[in-house]
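Structure assessment
Read off the chains here:
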Amino acid sequence: MERLNYWQLPGFENIYLEDSYVLSINANTIYIQILLEAVLTENHPLYTPALSGEQYCYRQMTVNFPHPQTYDLVLNNISPIADPDGSVDYGNIDEFFRADDKYYLRGEWGELTIVSDPPIIFDVENYLIVRNGDNFIQINKDKISMFEWKREGVIALVYENDSGSGLSAQIEAEQDPEGFEAALGYMRELETGYTTDITGGGELTFDKIKQYCAANFNQKNVQAFSVKYPSSAGNQYSISVITSEK
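Conventions adopted
- Residues numbered from 1 in each chain as written.
- Predicted model: local features only at pLDDT ≥ 70, side-chain atom pairs only at ≥ 80, totals over all residues.
- Heavy atoms only, no water.
- Helix = DSSP H or I, 4+ residues; strand = E, 2+ residues; numbered from the N terminus.
- Buried < 20%, exposed > 50% of the residue type's maximum accessible area, 1.4 Å probe, protein only.
- Contact = heavy atoms within 4.5 Å.
- Areas by Shrake-Rupley, 256 points an atom, 1.4 Å probe, with all protein chains shown as cover.
- Core = buried A, V, L, I, M, F, W, Y, C linked by side-chain atoms within 4.5 Å.
- pLDDT = per-residue confidence, 0-100.
- Phe/Tyr/Trp six-rings, centres within 6.5 Å; stacked < 30°, edge-to-face > 60°.
- Lys NZ or Arg CZ within 6 Å of the ring centre and 35° of its normal.
- Pairing = 2+ DSSP bridges.
- Axes fitted to C-alpha atoms, helices over the stretch in contact; angles between N-to-C directions.
- Salt bridge = Lys/Arg side-chain N within 4 Å of Asp/Glu carboxyl O.

Scanning the protein chain from N- to C-terminus turns up two helices and 20 strands. Each of the 246 residues in the protein chain was classed as buried or not, and the buried ones make up 39%. Of all intrachain contacts in the protein chain linking residues separated by at least 6 positions in sequence, the fraction that spans at least 24 positions is 52%. For the protein chain, the accessible surface area stands at approximately 13600 Å², while carbon and sulfur atoms represent 45% of it.

Let us look at the nonpolar core. Membership of the largest hydrophobic core comes to 23 residues, with the highest contact counts inside it found for I34, L36, F65, I93, F96, L105 and L112. Those elements that provide at least two residues to this core are β2 (15-27), β3 (31-40), β4 (57-66), β9 (102-107) and β10 (110-115). Considering every element that reaches this core, the biggest residue donor is β3, with five residues. Within the second largest apolar cluster, 15 residues are counted, among which are V130, I139, A169 and I171.

This part is about the confidence of the model for the protein chain. On average, the protein chain scores 78 in pLDDT, and the residues at 70 or more come to 72%. Least confident of the elements in the protein chain is strand β17 (residues 196-197), whose mean pLDDT is 40; most confident is strand β8 (residues 95-99), at 96. Within the model, the stretch residues 193-202 combines pLDDT values under 50 with 28 contacts to residues more than four positions away or in other chains.

According to the stated counting rule, one finds nine aromatic pairs in the structure shown. Taken together, a centroid distance of 5.7 Å and an interplanar angle of 85° make the contact between F12 and F96 edge-to-face. Taken together, the positions of F12 in the loop between β1 (3-5) and β2 and F96 in strand β8 put the pair 84 residues apart, joining distant regions of the chain. Here F12 matches F96 in class, with each residue buried. Members of the aromatic cluster, connected to one another through ring pairs, are Y6, W7, F12, F65, F96 and Y103. Over the aromatic face of F97 sits the side chain of R3, whose NZ or CZ is 3.8 Å from the ring centroid.

Our next topic: the sheet that holds β4. The sheet built from four strands is open, its strands ordered β2-β3-β4-β11 with antiparallel pairing. Each having just a single partner strand, β2 and β11 (120-123) make up the two edges of the open sheet. Across the sheet, the mean angle separating the axes of adjacent strands is 30° when strand polarity is ignored. Where β4 meets β11, four bridges bridge the pair, whose relative direction is antiparallel.

Below, the discussion takes up the pattern of salt bridges. Summed over all chains, the structure comprises six salt bridges. The closest approach of N and O atoms between E95 and R106, which form a salt bridge, is 2.9 Å. With E95 in strand β8 and R106 in strand β9, the pair connects residues that are 11 residues apart, well separated along the chain. Residue class for E95 comes out partly exposed when judged on its relative accessible area of 26%. R106 sits in the partly exposed class, given a relative accessible area of 29%. What you see here is one network of salt bridges that share partners, running through R3, E95, R106 and E111.

To continue, consider the pairing of β8. Two strands pair when backbone bridges link them, and β1 and β8 are joined in this way by three bridges, in the antiparallel orientation. Of the residues in β8, the one forming a bridge with L4 is R98.

Let us now look at the environment of Q138. Inspection of the secondary structure assignment puts Q138 in strand β13 (residues 135-140). Given the relative accessible area of 38%, Q138 is considered partly exposed. What Q138 contacts, discounting residues up to four positions off in sequence, is F122, D123, Y127, L128 and I129.

Even without being a glycine, H67 presents a positive backbone phi close to 50°. Relative to the helices and strands, H67 is located in the loop between β4 and β5 (70-75). The class of H67 is partly exposed, set by a relative accessible area of 28%. Despite not being glycine, D100 has its phi angle at roughly 55°, a positive value. Among the secondary structure elements, D100 is positioned in the loop between β8 and β9.

A few words now on the sheet that holds β10. On the basis of which strands lie adjacent, the open sheet formed by five strands has the order β1-β8-β9-β10-β5 and antiparallel pairing. Each end of this open sheet is capped by a strand with a single partner; those strands are β1 and β5. Neighbour-to-neighbour, the strand axes of the sheet open up by a mean angle of 15°, direction not taken into account.

As structure tokens, this is what we get:
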């Protein structure tokens with residue numbers, strides 16, 4: 001049985017999984033997704049010096065196994081481990097390799113044996129990972145120019161890809177719950193004071209949006225909003241608010 005260790009797989013060369021932490025595992029018929037607090041080695045392009053009090057450079061990454069043909073997932077540890085700083089995880093990935101067209105992962109969280117397309121590792125701090133049909137795409141958060149609520153459970157966004165082309169994506173909670181939650185999570189980052197450069201220049205924060213809502217609407221009625229940059233009226237950006245009452 002020829003064995004291929006995880007660091008020999010494309011994208012995993014500069015990841016150290018034995019000291020990375022499993023934050024969640026999602027399994028369905030479309031993909032298996034493992035969210036990690038991943039250890040990056042010094043040769044990784046996103047590597048930064050370890051923070052004070054930490055041994056490694058940690059970064060949230062997600063490992064996706066697309067189009068699983070078969071898989072066997074056994075969860076030995078379904079109770080998260082509480083760390084001194086208050087965070088929780090399910091332990092490390094102690095073993096990850098490919099043999100006989102199967103991928104094998106083991107840790108104190110359990111075991112996963114899977115036949116699928118090659119695994120893909122994504123950076124979830126700078127990118128949103130969303131479904132595009134049966135595949136996944138990475139959307140650079142700094143290249144998003146518009147969020148819009150289409151209806152309950154559906155978010156549309158406009159973004160620019162790495163080649164500079166303008167594209168759009170529609171994220172549905174029912175079809176892509178992880179992508180939908182990631183989009184909501186990014187919006188919460190903005191709400192807590194994180195700022196982002198809107199494509200084409202300018203800066204927009206949730207504080208500005210809330211100021212707009214407070215000046216024009218009863219905030220109790222505000223359910224959602226959309227932001228467009230630039231606006232068709234020639235302003236820097238326009239904000240539309242969805243309310244429970246007219």
